[in-house]
There are 2 protein chains.
Amino acid sequence: MTLFEALGSQIDADRLITDPDIMASYIHDDAEWAPYEMPVAVVRPRTAEQVQTVVQACIAHGAPVVTRGAGTGLSGGANAVAGGVVIAFDAMNAIKEINTLERLAVVEPGVVNDHLRDACAEHGLWYPPDPASAPWSTIGGNVATNAGGLCCVKYGVTKDYVLGMQVVTGTGELVRLGRRTAKGVAGFDLSALMVGSEGTLGVITEVTVKLRPQRDPERTIVGYFDSIVAAGKAVEAVAADGLTPSALELIDRQCLLAVDAWKNMGLSADAEVVLLGRIDTPGEIGDTEAERMLACFNRSGATWSARSTDQEEADALFSARRLAYPALERLGPVLTEDICVPKAAVPEMLARIEAISARHDTHIANIAHAGDGNLHPLLITPHDDEAARRRAQAAFAEIIDNALELGGTVTGEHGVGLLKMGGLAQELSPAVVAMHHAIKGALDPHGIMNPGKVI
Amino acid sequence: MTLFEALGSQIDADRLITDPDIMASYIHDDAEWAPYEMPVAVVRPRTAEQVQTVVQACIAHGAPVVTRGAGTGLSGGANAVAGGVVIAFDAMNAIKEINTLERLAVVEPGVVNDHLRDACAEHGLWYPPDPASAPWSTIGGNVATNAGGLCCVKYGVTKDYVLGMQVVTGTGELVRLGRRTAKGVAGFDLSALMVGSEGTLGVITEVTVKLRPQRDPERTIVGYFDSIVAAGKAVEAVAADGLTPSALELIDRQCLLAVDAWKNMGLSADAEVVLLGRIDTPGEIGDTEAERMLACFNRSGATWSARSTDQEEADALFSARRLAYPALERLGPVLTEDICVPKAAVPEMLARIEAISARHDTHIANIAHAGDGNLHPLLITPHDDEAARRRAQAAFAEIIDNALELGGTVTGEHGVGLLKMGGLAQELSPAVVAMHHAIKGALDPHGIMNPGKVI
């Protein structure tokens, strides 16, 4: 029996896609120029047991398993492999439990991040990790990539909120890792190992996340800057002042213009670079902190700055931040960088990105979770311009080199996938790469879990 | 060449202990009735390279490596093994860096937790994880066991603060895992895997930890209760009210009396059980929260309660909490439990512990990080009473059974070591145990890293 036949006999017809035209929308994520192939089938399971059936069939046939959330990934981690199966979690999107006393939620992997946040809000609770893709991306994908986001600068990333999970292992078993209790150190932290492993060590079928109480409204502080390096210095000044913003985002003029051209939001583009800071410390202390952030902006050469008194205006600016990537994509292929450098190195790294842009004649727009040192230079190329593509890819590699030189990492939150495999090999020592292979071999002995990704 | 000879030729004489009388103080931790053996040698390295030399010698001779911090562990995780080497980190206690801008510290494993906290305070920074052993225990040991503590209920455990580390691996290589940047997802989270692995996957030679800004002074709320179950209900009420205390500790009369008998602190013992709550939310909001906690105590049947206005008195109560374990140890052998249950199960679990105490005719005192559901029943036995020891061990096992039945874990923060190996096998499914063995085999192929512990 072929894998195709095995799936046909074991998976309900309405959960199985084998039509190449329909499969086409399931076989790659949003990474530019990352290769993908046509799989044998796409399965859209409704239960963990169906996932287990698929994995066991793939083990029996030595076939690759690629897991997919919403496909918003930017590194190619969910790109399909020939001869394998894509497990798409769009039909496993139930919020199984929100527990106010224990402050946790249990969800299926296909739950959209914003949907979980909305459901938690009804209980006075909050799930903090908020990747810019939150309106579309799923918790399963967020966990698989250890997604970050805007509020991470104060509240941490996805791994800080994962208590436990259910996983189908590389040997086809359905297991529970982690816990539901507030603390627990029983055995190795296999749940933490799964977070960020991009589907290479198992398939996540359920996640238990920690929640926080809802927080107070944020104050928004906006600063305009003439140059990206000046904005970078303001970011460093905020850190040096000892402030803990609840967001500190950078967005440049090109991004604002692209969003405005698309959504007609009436955004001002009087500045080359805009910094959007937020403070959610309650009461007068928060007011004082907002004033301190404003002073940091001004000391660093802001051409204009203000604490926004108009909540709608502030929300529009943050929406623009979230829409920057899709807005730029409308203009042509966009290769998205995701380096993270020490906060002290932010001005220098931004200056180097400008120089790299000039040297490689590549148009680079910038958005950044600047308060974390997590920069997203966006390398924009014209459609169907092979030379421009090669220049952009060279610039991309040089940005990685420079981030490592400044003590940074090749990926802050998007994951390694396919696009950062070269960067990973640069970042990790050969002995650490060997540890990765040892772990991969131990937990995925058949080598079927998202093969060819990460390492 | 024997291992003994190899160490003699490769390790400076002043770093090497082979005299059994001196070794005796290095060969076990503070766990009651956990077996240990006399090693070949104790090495007190000054550098990571010396650690590497020891590990390589042990690989060459197939000899066990047991790592030791301050020996305050309560599960036997640092107990020595015959034929092996104990690496004691008391001479590697340098704080290498405290970086205010990046909010991180780089330390050697032998740094005492409180020393790091004091050093951070000088920079206006704070390292939160505060096990009750903080005046003695070391960061290396805290990381190896993923230590918790008093403020975890609001600020999380050790793993939430570990950014990266340097490790000598099971293959004798000196590697860096993790990062220094605020975010990073480059490869598997091997640093998180090392946290809590109790020396079974490698030897930690340096740790990089995340810091927070120093916080505002805490308010202390004290409640007296007639029964431990009433105190448990107050803990549940605090959680149900949506409060986030910065500490919520339970200490019973026996512990207070034992501390007072030892330190003569003039502690009141008018209550069977005392709850010590803390709130560090700044300003008026914090005042309101303190009132709410007081109301929770009163609704749950507190016989007396007050917000402490005397900082010295409040500090004395928290000191008593920290001293409870050593104070009780003066009275006879103490077997320390470390279960963690869901917050809703705290009253029921405390009631069951009372019943178990009666059923097994075993004296059980109680301290607890109650706000986390992390309970430390302390099973006290007379000296040299074999029958009492057996009864205590039976009670210990039954407490574990009950914690699991209520959805809890066998160890909240002390680790598995030797004492919880049976409990771990009950808690984890066979497939998850198999994953542990696979990981252990992958990273410790020679089987020398703290063999016979955890799994």
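These figures come from a predicted structure and were not determined experimentally.

Asks: Break down the overall build of chain A for me, with residues and values.
Replies: Across its full length, chain A carries 15 helices and 19 strands. Over its C-alpha atoms, taken along the principal directions, chain A stretches across nearly 70 × 55 × 45 Å. Per-residue burial over chain A gives 62% buried out of 455 residues. Residue pairs at least 24 apart in sequence account for 74% of intrachain contacts in chain A once pairs closer than 6 positions are excluded. For chain A, the accessible surface area stands at approximately 15600 Å², while carbon and sulfur atoms represent 49% of it. Within chain A, one finds 36 positive and 58 negative side-chain charges whose respective centroids are separated by 4 Å.

Asks: Lay out the pairing of strand S10 (residues 202–210) of chain B in plain terms, naming residues and giving numbers.
Replies: Residues and elements named next belong to chain B. With eight of its nine residues buried, S10 lies for the most part within the structure. Strand direction decides the pairing type here: strand S6 (residues 104–107) and S10, joined by four bridges, are antiparallel. Among the inter-strand pairings, Ala105 is bridged to a residue of S10, identified as Val209. Across seven bridges, the pairing between strand S8 (residues 162–169) and S10 is antiparallel. The partner of Thr169 across the bridge, within S10, is Gly202.

Asks: Give me the sheet that holds strand S4 (residues 85–88) of chain B: which residues, what numbers.
Replies: Residue and element names in this part refer to chain B. With respect to topology, four strands assemble into an open sheet ordered S1-S2-S4-S3, the strand pairing being mixed. Each having just a single partner strand, strand S1 (16–17) and strand S3 (65–68) make up the two edges of the open sheet. As defined by bridge partners, S1 adjoins strand S2 (residues 41–43) across two bridges and the pair is classed as antiparallel. Within S2, the position partnered with Leu16 by the bridge is Val43. The strands that helix H3 (residues 48–61) touches are S2, S3 and S4; relative to S4, the one it contacts most, it runs at about 165°.

Asks: For the interface of chain A and chain B, give the residues involved together with the corresponding values.
Replies: It is common to give the size of an interface as the accessible area that goes away when the parts come together. Between chain A and chain B, the contact holds 75 residues from the first and 76 residues from the second. Between chain A and chain B, roughly 5700 Å² of surface is buried when both sides are summed, and carbon and sulfur atoms account for 67% of that area. Its largest share of buried area at the contact with chain B, chain A owes to Lys183, Val185 and Phe188 of chain A, together 16% of the area lost on that side. Between the two partners, chain A and chain B, sit six salt bridges. Measuring nitrogen to oxygen at the nearest pair gives 2.9 Å for the salt bridge that ties Lys159 of chain A to Asp189 of chain B. The set of elements that each furnish at least two residues to the side of chain A that touches chain B consists of strand S9 (174–178), helix H7 (190–194), helix H8 (228–240), helix H10 (283–299), helix H14 (421–427) and helix H15 (430–443) of chain A. A class-by-class count of the residues in the side of chain A that touches chain B yields 36 nonpolar, 25 polar and 14 charged.

Asks: If you had to explain the sheet that holds S9 of chain A to someone new, which residues and values would you point to?
Replies: The strands making up a sheet are joined through hydrogen bonds of the backbone, oriented either antiparallel or parallel. All names here are of chain A. Sheet architecture is open: five strands sit in the order S5-S6-S10-S8-S9, paired in antiparallel fashion. Whereas interior strands pair on both sides, the edge strands pair on one side only; in this sheet they are strand S5 (95–99) and S9. Neighbour-to-neighbour, the strand axes of the sheet open up by a mean angle of 15°, direction not taken into account. Its contacts with the sheet place helix H4 (residues 113–121) against S5, strand S6 (104–107) and strand S10 (202–210), and it is angled at close to 40° to S5.

Asks: Could you give an account of empty space enclosed by the protein, naming the residues involved and the relevant values?
Replies: Throughout the structure, instances matching the rule amount to two cavities of 30 Å³ or more. Of the voids in this model, the largest cavity is the one considered here, and its volume is about 50 Å³. Taken together, Lys159 of chain A together with Lys159, Val162, Leu163, Arg179, Asp189, Ser191, Ala192 and Val195 of chain B make up the lining of the largest cavity. Going through the elements one at a time, S8 and helix H7 (190–194) of chain B are the ones with two or more residues in the lining of the largest cavity. Within this model, the second largest cavity holds a volume of roughly 40 Å³. Taken together, Leu74, Ser75, Thr336, Asp338, Phe396, His414, Gly415, Leu419 and Lys420 of chain A make up the full set of residues lining the second largest cavity. Taken together, the residues of the lining of the second largest cavity sort by class into three nonpolar, four polar and two charged.

Each value, and the rule that gives it
- Residues numbered from 1 in each chain as written.
- Chains lettered and ligands numbered in written order.
- Predicted model: local features only at pLDDT ≥ 70, side-chain atom pairs only at ≥ 80, totals over all residues.
- Heavy atoms only, no water.
- Helix = DSSP H or I, 4+ residues; strand = E, 2+ residues; numbered from the N terminus.
- Buried < 20%, exposed > 50% of the residue type's maximum accessible area, 1.4 Å probe, protein only.
- Contact = heavy atoms within 4.5 Å.
- Areas by Shrake-Rupley, 256 points an atom, 1.4 Å probe, with all protein chains shown as cover.
- Lys, Arg positive; Asp, Glu negative; His and termini not counted.
- Charge placed at Lys NZ, Arg CZ, Asp CG, Glu CD.
- Pairing = 2+ DSSP bridges.
- Axes fitted to C-alpha atoms, helices over the stretch in contact; angles between N-to-C directions.
- Buried area = accessible area lost by both parts, 1.4 Å probe.
- Salt bridge = Lys/Arg side-chain N within 4 Å of Asp/Glu carboxyl O.
- Nonpolar A, V, L, I, M, F, W, Y, C, P; charged D, E, K, R; others polar.
- 1 Å grid on protein atoms, 1.4 Å probe; cavity = no way out; pocket = protein on both sides within 12 Å on 5 of 7 lines; lining within 4 Å.
- Points joined across faces, edges and corners; volume = space filled by probe spheres on them.

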